[in-house]
Amino acid sequence: MLSGPDRRLRVCALYPDLMNIYADRGNILLLEQRCRWRGIEFAVSASGLGDELDPGGADMYYIGGGQDRDQRLCALDLATVKRDALHAAAARGAVILAVCGGYQLLGHSYQLGDESLPGVGLVDLTTVRADDGAGRLIGNIAIEIEPHPLDPPDAGTVLAGFENHGGRTRLGASESPLGRVLSGYGNSGDDGFEGVRKGNVVGTYMHGPLLPKNAWFADRLIATALALDAPLAPLDDGLERAAHLEARRAAGV
Ligand code: GLN
């Protein structure tokens, strides 16, 4: 079990000034606090438009949600300037966590009417924005996910959060979703899938932000990013569990 300040989690936030709706910054703050409480050093860096990405520079790369107009600015940069580095980071087992607008850019493309934004091609998925008549998929959501050896003992298998997206995402036949929708819409609103998980690459539509509502999942990601061989030591998580249960209650689960 990990103890002492001899380990350090390095997180790199991609486009933190553009891709950060629904308080996505809260995800980073939660990671930081849970590391500090355990005596794990925490370092966060940023990589914005035009910045080269160091494929060995972080244990976790984070891409938050964004409006269509902000995604337009980031998509080309991600698919050109940062593409090779992000693929190399994924290949060496770094955690890549992408939420909503960031998730949509993990795949091949995000189609907005006549315009196609390029994706970074880390997973086999495509996203198409529904025409205005079909509307946005908005509301509280809960999903069931597969357990993982680095989950805390009392983790459970439910993630709860909030979604708001116009895009519908379809996974390629060989990809696995992050979870199965218990309540809400998920990737497309009609196939029962939510998000994607491929190795240590995770994409999800769940905002809220995701991690403060699901602290146990943050611990899984931290332990994975640090390549631990056992779950992190538990914390006094009374408030975190209450937040999780409230998010589940909002989603009716
Ligand atoms: N702009 C994207 C959509 O509407 C993503 C929105 C988001 O990140 N919440 O589908």
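Described below are features of the structure shown in this document. (Residues numbered from 1 in each chain as written. Predicted model: local features only at pLDDT ≥ 70, side-chain atom pairs only at ≥ 80, totals over all residues. Heavy atoms only, no water.)

Examining the packing of aromatic side chains
Piece 1. Summed over the entire model, instances satisfying the criterion amount to two aromatic pairs.
Piece 2. Note on Tyr-103 and Tyr-205: the rings are 5.1 Å apart at their centroids and 75° apart in plane angle, and the pair reads as edge-to-face. Of this pair, Tyr-103 sits in helix H4 (residues 101-104) while Tyr-205 is found in the loop between strand S14 (201-204) and helix H5 (210-213), placing the two residues 102 residues apart along the sequence. Across the pair, Tyr-205 and Tyr-103 agree in class, each one buried.
Piece 3. Seen in terms of ring centroids, Trp-216 and Phe-217 are 5.9 Å apart; in terms of plane orientation they differ by 75°. Their pairing is edge-to-face.
Piece 4. Look at Phe-217 and you get buried, because its relative accessible area is 1%. (Phe/Tyr/Trp six-rings, centres within 6.5 Å; stacked < 30°, edge-to-face > 60°. Helix = DSSP H or I, 4+ residues; strand = E, 2+ residues; numbered from the N terminus. Buried < 20%, exposed > 50% of the residue type's maximum accessible area, 1.4 Å probe, protein only.)

A closer look at the site of the ligand
Piece 1. In the vicinity of the ligand there are 17 residues, among which Asp-68, Gln-71, Cys-100, Arg-136 and Gly-167 approach most closely.
Piece 2. Here Gln-104 contributes a side-chain N or O atom positioned 2.9 Å from an oxygen atom of the ligand.
Piece 3. Note that a nitrogen atom of the ligand is positioned 3.0 Å from one of the backbone N or O atoms of Asn-164.
Piece 4. In the complex, the protein chains occlude 99% of the 300 Å² of accessible area that the ligand would expose alone.
Piece 5. Among the secondary structure elements, those contributing two or more residues to the shell around the ligand are helix H2 (68-79), H4 and strand S9 (158-165).
Piece 6. For the shell around the ligand, a count of residues per class yields four nonpolar, eleven polar and two charged. (Near = heavy atom within 4 Å. Polar contact = N/O pair within 3.5 Å; in protein donor to acceptor, adjacent residues only side chain to side chain. Areas by Shrake-Rupley, 256 points an atom, 1.4 Å probe, with all protein chains shown as cover. Nonpolar A, V, L, I, M, F, W, Y, C, P; charged D, E, K, R; others polar.)

Some thoughts on the packing of helix H1 (residues 25-37) against helix H6 (residues 215-225)
Packed helix pairs are specified by the crossing angle of their axes together with the interaxial distance, meaning the distance between the axes.
Piece 1. At a closest axis distance of 10 Å, the pairing of H1 and H6 adopts a crossing angle of 75°. Considering their axes alone, H1 and H6 lie roughly perpendicular with respect to each other. Along the contact surface, H1 presents Leu-30, Leu-31, Arg-34 and Cys-35, while H6 presents Ala-215, Ala-218, Asp-219 and Ile-222.
Piece 2. When grouped by side-chain class, the residues that make up the contact of H1 with H6 number six nonpolar, no polar and two charged. (Axes fitted to C-alpha atoms, helices over the stretch in contact; angles between N-to-C directions. Parallel < 35°, antiparallel > 145°, perpendicular 65-115°, else oblique. Contact = heavy atoms within 4.5 Å.)

Quick notes on empty space enclosed by the protein
Piece 1. According to the stated counting rule, one finds one cavity of 30 Å³ or more in the structure shown.
Piece 2. Considering only enclosed or pocket space, the largest cavity measures out at about 80 Å³ in volume.
Piece 3. What lines the largest cavity is simply Val-95, His-148, Arg-197, Gly-199, Asn-200, Val-202, Phe-217, Arg-220, Leu-221 and Thr-224.
Piece 4. Among the elements that make up the lining of the largest cavity, the one with the highest residue count is H6 (four residues).
Piece 5. Class assignment for the residues of the lining of the largest cavity results in four nonpolar, four polar and two charged. (1 Å grid on protein atoms, 1.4 Å probe; cavity = no way out; pocket = protein on both sides within 12 Å on 5 of 7 lines; lining within 4 Å. Points joined across faces, edges and corners; volume = space filled by probe spheres on them.)

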